[in-house]
Amino acid sequence: MSRRVRIASVNVNGIRAATRKGMLEWLDAADIDVMALQEVRATEEELRTALPGWEIVNDEALSKGRAGVAVASRMPSVEVRRVLGPEPLDSAGRWIEADFDIDGERLIVVSAYVHTGEAETPKQDAKWAFLDAMEKRMPQLAAASPLALVMGDLNVGHRELDIRNWKGNVKKAGFLPRERAYFDRFFGAAGADVTGADGSVGTGLGWVDVGRRYHGDVDGPYTWWSMRGRAFDNDSGWRIDYHLATPALGDRVTEYRVVRAPSWDTRWSDHAPVIADYAIGR
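Since the model is a prediction, treat every value here as computed from it, not as a measurement. (Residues numbered from 1 in each chain as written. Predicted model: local features only at pLDDT ≥ 70, side-chain atom pairs only at ≥ 80, totals over all residues. Heavy atoms only, no water.)

Quick notes on the overall build of the protein chain
For step 1, the next point in the chain: In terms of helices and strands, the protein chain carries seven helices and 14 strands.
For step 2, the next point in the chain: Rg of the C-alpha trace for the protein chain: 18 Å, near the compact-globule value of 19 Å for 282 residues, within the 12% margin.
For step 3, the next point in the chain: In terms of principal-axis extent, the alpha carbons of the protein chain reach across some 50 × 45 × 40 Å.
For step 4, the next point in the chain: Considering the protein chain as a whole, with its 282 residues, one finds that 56% of them fall into the buried category.
For step 5, the next point in the chain: In the protein chain, 67% of the contacts between residues at least 6 apart in sequence involve partners at least 24 apart.
For step 6, the next point in the chain: With 37 positive and 42 negative side-chain charges, the protein chain shows a separation of 3 Å between the mean positions of the two kinds. (Helix = DSSP H or I, 4+ residues; strand = E, 2+ residues; numbered from the N terminus. Rg over C-alpha atoms; globule rule 2.2 N^0.38 Å. Buried < 20%, exposed > 50% of the residue type's maximum accessible area, 1.4 Å probe, protein only. Contact = heavy atoms within 4.5 Å. Lys, Arg positive; Asp, Glu negative; His and termini not counted. Charge placed at Lys NZ, Arg CZ, Asp CG, Glu CD.)

Given below as structure tokens:
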């Protein structure tokens with residue numbers, strides 16, 4: 001008999017700051033089973049102090065106070081991996097895989113934090129390398145378990161629907177045609193030739209964009225808003241936080257939502273939590 005497993009992803013913009021601003025009060029009411037965190041900017045000890053009572057696995061960035069990913073859960077993981085690709089890939093603090101045995105089924109959960117990038121600079125080169133490694137790793141995850149989930153701040157708006165001001169960003173990192181082409185392949189029919197936003201042709205991986213499938217072809221709902229100006233108040237945002245699910249897991253979604261704060265001053269991060277309920281277990 002399957003049961004509901006509620007899984008969330010959120011870029012916390014610093015776990016210690018987030019908990020000071022109200023994240024713990026939100027968690028008390030959210031009833032979450034597994035949570036992928038990005039940009040935690042903390043050590044394992046600091047994470048455990050910030051999130052008492054949670055099982056936590058994490059990967060710290062090499063530079064203190066930057067990046068950092070984690071998976072927090074109400075149940076222990078059975079296996080953890082922290083390597084995305086071969087050195088010198090810049091993935092420290094940006095990729096962690098945790099496996100869970102849930103009522104006889106293996107669930108693979110990934111917390112990913114893709115580089116922000118900057119067009120035509122070494123920062124963008126690091127982003128290309130990371131996206132290349134993701135594209136190679138995702139089929140391996142799907143082969144390891146039919147129930148795999150890659151979540152996080154992926155720092156790419158896939159379609160025009162995903163950015164309020166998309167026309168002003170077509171030449172900027174986060175909405176470059178080449179970046180969007182990766183997502184065309186991620187979500188393209190498995191094994192099919194997929195023409196990307198940049199005109200390139202590659203092989204579809206068949207994964208499911210849970211948010212887009214659930215909401216359909218509507219603007220957003222956005223998951224990140226700039227701290228500058230009145231972006232939040234005007235809902236001038238970007239949808240860059242995702243649940244990417246294998247087809248079998250995508251078919252088990254029973255609910256999905258972006259938890260937008262009621263007002264600018266009640267936010268505890270510049271990103272909104274993205275939550276989905278999945279039916280898991282034999």
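A short note on the pattern of salt bridges
For step 1, the next point in the chain: Applying the stated rule across the entire model yields 22 salt bridges.
For step 2, the next point in the chain: Residue Arg 6 pairs with Asp 277 through a salt bridge whose shortest N-O separation is 2.7 Å. Of this pair, Arg 6 sits in strand 1 (residues 3-11) while Asp 277 sits in strand 14 (residues 274-280), and the two are 271 residues apart along the sequence. In terms of burial, Arg 6 and Asp 277 fall into one category: buried.
For step 3, the next point in the chain: The partner of Glu 44 in a salt bridge is Arg 48, and the shortest N-O contact between them spans 2.7 Å. Residue Glu 44 and its partner Arg 48 are both found in helix 3 (residues 44-50); the two are separated by four residues, about one turn of the helix.
For step 4, the next point in the chain: Under the relative-accessibility criterion, Glu 44 is labelled partly exposed at 34%.
For step 5, the next point in the chain: Here the salt bridges share partners, and the residues they tie into one network are Glu 79, Arg 81, Glu 97, Asp 99, Arg 106 and Arg 137. (Salt bridge = Lys/Arg side-chain N within 4 Å of Asp/Glu carboxyl O.)

Quick look at the nonpolar core
For step 1, the next point in the chain: Grouped together as the largest cluster of nonpolar side chains are 36 residues, with contacts concentrated most on Ile 7, Val 71, Phe 100, Leu 107, Leu 249, Tyr 278 and Ile 280.
For step 2, the next point in the chain: For this core, the secondary structure elements donating two or more residues are strand 1, strand 2 (34-38), strand 4 (69-73), strand 6 (95-102), strand 7 (105-113), strand 8 (148-153), strand 13 (253-258) and strand 14.
For step 3, the next point in the chain: When sequence neighbours within four positions are dropped, the list of residues in contact with Leu 249 reads Leu 107, Pro 146, Leu 147, Ala 148, Leu 149, Tyr 278 and Ile 280.
For step 4, the next point in the chain: Residues Phe 130, Leu 131, Leu 154 and Leu 205 belong to the second largest nonpolar core, which totals 27 residues. (Core = buried A, V, L, I, M, F, W, Y, C linked by side-chain atoms within 4.5 Å.)

Let's talk about the sheet that holds strand 14
For step 1, the next point in the chain: As summarised here, the arrangement of the six strands in space is 3-4-2-1-14-13, forming an open sheet in which the pairing is mixed. Both edges of this open sheet fall to strand 3 (55-59) and strand 13, since each of them pairs with a single strand only. For this sheet, the mean inter-axis angle between neighbouring strands, taken without regard to orientation, is 15 degrees.
For step 2, the next point in the chain: Note: strand 13 against strand 14, five bridges, orientation antiparallel. Directly across from Val 253, in strand 14, lies its bridge partner Tyr 278. (Pairing = 2+ DSSP bridges. Axes fitted to C-alpha atoms, helices over the stretch in contact; angles between N-to-C directions.)

Here we look at the packing of helix 4 (residues 122-144) against helix 5 (residues 177-187)
A pair of packed helices is captured by two measures, namely the crossing angle of their axes and the spacing between those axes.
For step 1, the next point in the chain: Axis separation between helix 4 and helix 5 bottoms out at 11 Å; the angle between their running directions is 5 degrees. Classed by the angle they form, the pair helix 4 and helix 5 counts as roughly parallel. For the pair helix 4 and helix 5, the contacting residues are Gln 124, Lys 127, Trp 128, Leu 131, Asp 132, Met 134, Glu 135 and Met 138 in the first and Arg 178, Glu 179, Tyr 182, Phe 183, Arg 185 and Phe 186 in the second. (Parallel < 35°, antiparallel > 145°, perpendicular 65-115°, else oblique.)

Re the packing of aromatic side chains
The relative placement of two aromatic rings is captured by the distance of their centres and the angle of their planes.
For step 1, the next point in the chain: All chains considered together, the criterion is met by ten aromatic pairs.
For step 2, the next point in the chain: Centroid distance Phe 183 to Tyr 242: 5.3 Å. Interplanar angle 40 degrees. Geometry classified as tilted. One end of the pair, Phe 183, is in helix 5; the other, Tyr 242, is in strand 12 (residues 241-245), with 59 residues separating them in the sequence. Grouping residues by exposure puts Phe 183 and Tyr 242 together as buried.
For step 3, the next point in the chain: Cluster of aromatic residues (ring-pair linked, three or more members): Phe 183, Phe 186, Phe 187 and Tyr 242.
For step 4, the next point in the chain: Lying over the aromatic face of Trp 54, Arg 74 brings its terminal NZ or CZ to 3.7 Å of the ring centre. (Phe/Tyr/Trp six-rings, centres within 6.5 Å; stacked < 30°, edge-to-face > 60°. Lys NZ or Arg CZ within 6 Å of the ring centre and 35° of its normal.)

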